[in-house]
Amino acid sequence: MSTKLSIIIPCYNSESTLETTLKSVLNQEFQEWEAIMVNDGSPDNLEAIALKYVEKDTRFTYFKKENGGLGSARNYGIKKAKGEFILPLDSDNQVTENFAIDAMSIFDKDQNIGVVYGNAEFYGEKTGLWKVDEFSLDKMLVHNYIDACAIFKKSLWQKVGGYDENMPYQGHEDWEFWVSLAELKVKFYYLDKITFKYYVSSTSMSKSFTDEVILLNQDYIVKKHSRLFYDHYCQVLDYPAVLKRNYSNKLKSKKVIVDLFCKTFFKFSLFKTEFDNF
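Calculation criteria
- Residues numbered from 1 in each chain as written.
- Predicted model: local features only at pLDDT ≥ 70, side-chain atom pairs only at ≥ 80, totals over all residues.
- Heavy atoms only, no water.
- pLDDT = per-residue confidence, 0-100.
- Contact = heavy atoms within 4.5 Å.
- Helix = DSSP H or I, 4+ residues; strand = E, 2+ residues; numbered from the N terminus.
- Polar contact = N/O pair within 3.5 Å; in protein donor to acceptor, adjacent residues only side chain to side chain.
- Buried < 20%, exposed > 50% of the residue type's maximum accessible area, 1.4 Å probe, protein only.
- Arc of directions from axis to C-beta.
- Phe/Tyr/Trp six-rings, centres within 6.5 Å; stacked < 30°, edge-to-face > 60°.
- Lys NZ or Arg CZ within 6 Å of the ring centre and 35° of its normal.

An unreviewed UniProt entry annotates the protein as Glycosyltransferase involved in cell wall bisynthesis originating from Flavobacterium resistens.

In structure tokens:
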């Protein structure tokens, strides 16, 4: 059987959840897959669980590396992937039975689609529906509302250089990745159904995000993609043509772009700029 979909499962301190994640992979309807588990220097005993599934089904493979963070583990696994499509799956989440088969049908019908994503169901210390929405660049540039558990073409990962491993803090690599794809004008497809189950616990990575972590990562993303932020928000805010012309060079400054972004959406200024006179 050929491999069309590569499921990348970074593992760290997930001994208690990994088995349910791997069971969800086995239980899916789509069969042309491989699952690549990447032990990112985890101190627990998840390896025993991983190797049990390697013995159970040859479509599972297992690798162990020094700890490098979530983005590093995903990149490591994707480099080894044989599939045309990639599905990152955290080792405490569960893919639904029909997500992959639905996504493949969508990709087959429209070759221009680069990413398929959907809603999630919370489980663990929180229950309920996580309903997202159609892709919106406006929303994506302000915050990430699409989880990493989506299916995308591996060729797109190659075009943007993979997940950024140089962010100030771990945890927002998927946001930066989506912004990078948006910059390439990749077409996102919203599948309005539950595509995975999202585990919530007091030890989840997102629970460790402080205001400083969020702000530093936001600042990094805005600076890295300053051209996209500038071009998009000049259109959205409809600045007069003369203003755009007179200050186009100054707006290329990363400092000014960050300030404009903060004033527009968060109502505060980080720097004194010529825009304060308008």
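Let us look at the confidence of the model for the protein. Per-residue pLDDT for the protein has a mean of 88; in total, 82% of the residues score no lower than 70. Confidence drops under pLDDT 50 across residues 270-278; counting only partners more than four residues distant or on other chains, this segment forms 17 contacts.

Further remarks concern the environment of Thr96. Structurally, Thr96 can be placed in the loop between strand 5 (94-95) and helix 4 (99-109). Along the backbone, Thr96 and Lys197 are 101 residues apart, and their C-alpha atoms lie at a distance of 7.2 Å. If we ignore the near neighbours within four places in the chain, the residues touching Thr96 are Gln28, Ile194, Thr195 and Phe196. From its side chain, Thr96 meets the backbone oxygen of Thr195 in a polar contact 2.9 Å long.

Now for helix 2 (residues 46-56). By the burial criterion, the buried members of helix 2 are Leu46, Ile49, Ala50 and Tyr53. Buried positions in helix 2, seen along its axis, are confined to an arc of 100° and lie on one side of it. Where helix 2 is buried, its residues touch strand 1 (5-11), helix 1 (18-26), strand 2 (33-40) and strand 3 (60-65).

Attention now goes to the packing of aromatic side chains. For the coordinates displayed, the defined rule picks out 18 aromatic pairs. Both rings, one in Phe177 and one in Trp178, keep their centres 5.4 Å apart while their planes meet at 55°; by these two values the pair is tilted. Trp178 carries the same exposure label as Phe177, and that label is buried. One aromatic cluster in this structure is built from Tyr117, Phe135, Phe152, Tyr163, Phe177, Trp178, Phe188 and Tyr190. When the ring centre of Tyr163 is taken as origin, the NZ or CZ atom of Arg74, which lies over that ring, is 5.2 Å away. We note Lys139 situated over the ring of Tyr145; from NZ or CZ to the ring centre the distance is 4.2 Å.

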